[in-house]
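# Residue-level structure breakdown
Below are the chains, spelled out letter by letter.
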Amino acid sequence: MKVLVAVKRVVDYNVKVRPKADGSGVDLANVKMSINPFCEIAVEEAVRLKEKGVATEIVAVTVGAQQSQEQLRTALALGADRAILVSTDETLEPLSIAKCLKAICDAESPDIILMGKQAIDGDNNQTGQMLAALMGIGQATFASELVIDGANASVTREVDGGLQTLTLSLPLIVTADLRLNEPRYASLPNIMKAKKKPLDNTTPADLGVDVTPRVTQLSVELPAERQAGIKVDDVAQLVDKLKNEAKVIS
Amino acid sequence: MSILIVAEHDNSTLNVATLNSVTAAGVIGGDVHILVAGHGCSAVADQAAQVMGVAKVLLADSAAYAHALAENVALLVANLGAGYSHILATSTSNAKNIMPRAAALLDVQAISDISAVVDADTFKRPIYAGNVIATVKSSDAIKVIVVRGTAFDACPAEGGAAAIEAVTGEHDAGKSSFVSEAVAKSDRPELTAAEVVISGGRGMGNGENFALLDGIADKLGAAIGASRAAVDAGFVPNDMQVGQTGKIVAPDLYVAVGISGAIQHLAGMKDSKVIVAINKDEDAPIFSVADYGLVADLFDALPEFEAAL
Ligand SMILES: Cc1cc2nc3c(=O)[nH]c(=O)nc-3n(C[C@H](O)[C@H](O)[C@H](O)COP(=O)(O)OP(=O)(O)OC[C@H]3O[C@@H](n4cnc5c(N)ncnc54)[C@H](O)[C@@H]3O)c2cc1C
Ligand SMILES: Nc1ncnc2c1ncn2[C@@H]1O[C@H](COP(=O)(O)O)[C@@H](O)[C@H]1O
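Below, the structure is looked at part by part. (Residues numbered from 1 in each chain as written. Chains lettered and ligands numbered in written order. Predicted model: local features only at pLDDT ≥ 70, side-chain atom pairs only at ≥ 80, totals over all residues. Heavy atoms only, no water.)

## Remarks on the nonpolar core
Grouped together as the largest cluster of nonpolar side chains are 56 residues, with contacts concentrated most on V61, L101 and I113 of chain A together with L35, I87, M99 and V144 of chain B. If one sorts the elements of this core by residue count, helix α3 (residues 94-108) of chain A sits on top with 8 residues. Discounting residues that sit within four places of it in the chain, L35 of chain B has contacts with L4, I5, V6, A7, L58, A60, L76, V77 and L80 of chain B. (Core = buried A, V, L, I, M, F, W, Y, C linked by side-chain atoms within 4.5 Å. Buried < 20%, exposed > 50% of the residue type's maximum accessible area, 1.4 Å probe, protein only. Helix = DSSP H or I, 4+ residues; strand = E, 2+ residues; numbered from the N terminus. Contact = heavy atoms within 4.5 Å.)

Written out as structure tokens, the structure reads:
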């Protein structure tokens, strides 16, 4: 069984980004970049499927600039067998990424496609759902548990009210939520080995995909600042302030 | 222009989250229609017909839509939505599951989590955990939009008298089936709709200690939330997580207890009107957004707080 994992290069989750001075975009100069945390969970799930003997091959794919090779190498160090970079400098949005991934899936015919539920840069939470639509296959988003049984999958999903369990037929798309697993760290020997694993390059044009954006970012700005607050001395003062100053309790 | 809103409901009651999208639709302007897709859900359609400002309710009642499976509902939404200028839904886990799928079927780039409408094509939305707000403009003929509920007031649930039209033909993609649901039942208000929220973090120590929040929540009519760390540690269920990748809340009063204030948590609560933080570390980042900060051990402060209310 073949598993395809889609990973994205994003600003590290510890970084607090700021707009550029002219508001034309987010200032990403000299900022630490990482593999999107949800994609890391997706890679870990793929590796566990391989360790269980369910998966036989893991292909990691990303769409983005040449530097995204770093994140593909991370996926390879974590246990992916080979990688594909769909290389472009165009500003990418979920629909065009999904179209590139569809072209890769058409060629690779994976049984399971694992993705993150959300990329923490754009916070879109769209790409998995879009890829599932384009491929006409089932989707299990926000997954906290995945069990493969032959040609079917049982997936538990984190939903607003609690948990929901679905069964789906393969092939399917699973998008990982935080509780699906706890990703491992790549060991030094595996990081070295990853350097020798195959990494293929292609482009959206080679795949026949037009990635011209439909939604353009006109500007970015800081959110409204909160007024500085105060420290209260004790609970009595807190309750007094809430009652008589903020008037939020009676 | 005409706007289709995909209703959030449980087949018997219209979820108030839908009312935030009706308000957003009002800012965009145009005829507002509500789609109620479900099974045995005519009561929801009746409620939707009374919502102020709604011109028409489309009722798609079929077993295929009973559990809001994305493969089925997205087909329906894409099919009906082709005749509209905008398709909206409020940012629930259901909407996030269905709307991007419908958008891709329509070959449209969806716009997630809008916090403001600039004009019919232009919207604001938080990105990077809300550290910046982007203004984006869509060139698609149909705009598929997920609306951040906390950014738009709920419109009146009554005062309208829309006609209800049945939608015929069902879309059953046959790709997935519903097995079960484990939904926490609580008498407390829903997290995203509550006027007061009190959340516990890793500092609570364990799940039993969350009982310290119960008495306070009872007295304040509050919903109880949590940080990711508290959920990951198994103190409380996943549906209580507030944050960038959990639920977004903006109550009149938010009380953060034993929560450090990581950007991912702040992303989910920093638009609250009044923020209180109780933390024993005076340098905890949560104090930078708190209107009232109390540096104290929560095990002393919580019983005192409850007694003082
Ligand atoms: C991809 C990704 C997504 C994420 N999404 C979210 C999200 O949606 N929501 C979210 O909350 N987090 C999210 N996080 C996690 C976030 O980065 C933090 O790790 C998390 O919010 C920390 O939770 P915490 O504040 O409860 O724990 P900690 O950071 O460990 O803080 C515990 C606090 O409790 C205080 N404390 C301890 N004991 C006491 C006591 N007795 N009395 C008073 N105070 C005490 C400590 O001083 C400390 O400040 C995400 C992270 C990633 C990488
Ligand atoms: N450029 C990309 N290349 C490969 N996969 C991506 C890319 N962007 C997003 N994804 C996948 O889609 C998931 C959700 O991203 P998003 O829809 O942007 O929130 C990510 O966790 C990835 O698995």
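## Some points on the packing of α3 of chain A against helix α4 (residues 127-135) of chain A
All names here are of chain A. For the pair α3 and α4, the least separation of the axes is 9 Å and the interaxial angle reads 50°. As the angle between them shows, α3 and α4 are arranged oblique. Judged by the sense of rotation from one axis to the other, the crossing of α3 with α4 is right-handed. Listed contacts from α4 to P94, L95, I97, A98, K99, L101, K102 and C105 of α3 are T127, M130, L131, L134 and M135. Its residues assigned to classes, the contact of α3 with α4 comprises 10 nonpolar, 1 polar and 2 charged. (Axes fitted to C-alpha atoms, helices over the stretch in contact; angles between N-to-C directions. Parallel < 35°, antiparallel > 145°, perpendicular 65-115°, else oblique. Left-handed = near helix turned anticlockwise from the far one by under 90°. Nonpolar A, V, L, I, M, F, W, Y, C, P; charged D, E, K, R; others polar.)

## A word on the environment of F152 of chain B
Residues and elements named next belong to chain B. Within the element layout of this structure, F152 appears in the loop between β9 (143-147) and β10 (163-166). Once the C-alpha coordinates of F152 and S21 are considered, the two residues, 131 residues apart in sequence, prove to be 7.5 Å apart. Once you skip the residues sitting within four places of it in the chain, F152 turns out to touch N20, T23, A24, I114, S115, A116, V117 and V147.

## Focus on the sheet that holds strand β1 (residues 2-6) of chain A
Pairing is mixed across the open sheet formed by 10 strands, whose spatial order is β11(A)-β5(A)-β4(A)-β1(A)-β6(A)-β10(A)-β7(A)-β8(A)-β9(A)-β11(B). Looking at which strands have only one partner, the edges of the open sheet turn out to be β11 (199-202) of chain A together with β11 (176-183) of chain B. Taken pair by pair, the neighbouring strands of this sheet meet at an average axis angle of 30°, ignoring direction. (Pairing = 2+ DSSP bridges.)

## Describing the interface of chain A and chain B
Taken together, the contact pairs 76 residues of chain A with 81 residues of chain B. Roughly 6,600 Å² of surface becomes buried between chain A and chain B when both sides are summed, with 53% attributable to carbon and sulfur atoms. By the criterion of area lost to chain B, the three top residues of chain A are D160, R214 and R226 of chain A, representing 12% of everything that side buries. Between chain A and chain B we count 6 salt bridges in total. For the salt bridge of D107 of chain B with R214 of chain A, the shortest nitrogen-to-oxygen distance reads 3.1 Å. There are 50 residue pairs in polar contact (both at pLDDT 80 or more) connecting chain A and chain B. Looking at the side of chain A that touches chain B, the elements that each hand over two or more residues are α3, α4, β7 (138-149), β8 (152-159), β9 (162-169), β12 (215-221), β13 (230-232) and α7 (235-245) of chain A. Element by element, the count of residues in the side of chain A that touches chain B is highest for β9 of chain A, at 8 residues. When grouped by side-chain class, the residues that make up the side of chain A that touches chain B number 36 nonpolar, 20 polar and 20 charged. As paired strands, β13 of chain A and strand β16 (residues 292-295) of chain B are joined by 3 bridges and run parallel to one another. Paired with V232 of chain A across the bridge in β16 of chain B is L294 of chain B. (Buried area = accessible area lost by both parts, 1.4 Å probe. Salt bridge = Lys/Arg side-chain N within 4 Å of Asp/Glu carboxyl O. Polar contact = N/O pair within 3.5 Å; in protein donor to acceptor, adjacent residues only side chain to side chain.)

## A few points about the site of ligand 1
In the vicinity of ligand 1, 28 residues are found, and the nearest of them are R202, S227, Q241, S260 and N279 of chain B. This site is not confined to one chain, since residues near ligand 1 come from chains A and B. A distance of 2.8 Å separates an oxygen atom of ligand 1 from a polar side-chain atom of H265 of chain B. Note that a nitrogen atom of ligand 1 is positioned 3.1 Å from one of the backbone N or O atoms of K280 of chain B. Contact with the protein chains covers 86% of the free accessible surface of ligand 1, which is 990 Å². Elements supplying a minimum of two residues to the shell around ligand 1: α1 (37-51) of chain A together with α6 (228-232), α7 (263-266) and α8 (298-308) of chain B. Its residues assigned to classes, the shell around ligand 1 comprises 10 nonpolar, 13 polar and 5 charged. (Near = heavy atom within 4 Å. Areas by Shrake-Rupley, 256 points an atom, 1.4 Å probe, with all protein chains shown as cover.)

## A word on the pattern of salt bridges
Residue and element names in this part refer to chain B. Overall, the coordinates contain 27 salt bridges over all chains when judged by the stated rule. D252 is the salt-bridge partner of K273, the closest N and O atoms lying 3.7 Å from each other. Of the two residues, K273 sits in the loop between α7 and β15 (274-279) while D252 sits in the loop between α6 and β14 (253-257), which places them 21 residues apart along the sequence. Residue classification places K273 among the exposed residues on the basis of a relative accessible area of 56%. For D252, a relative accessible area of 30% corresponds to the partly exposed category.

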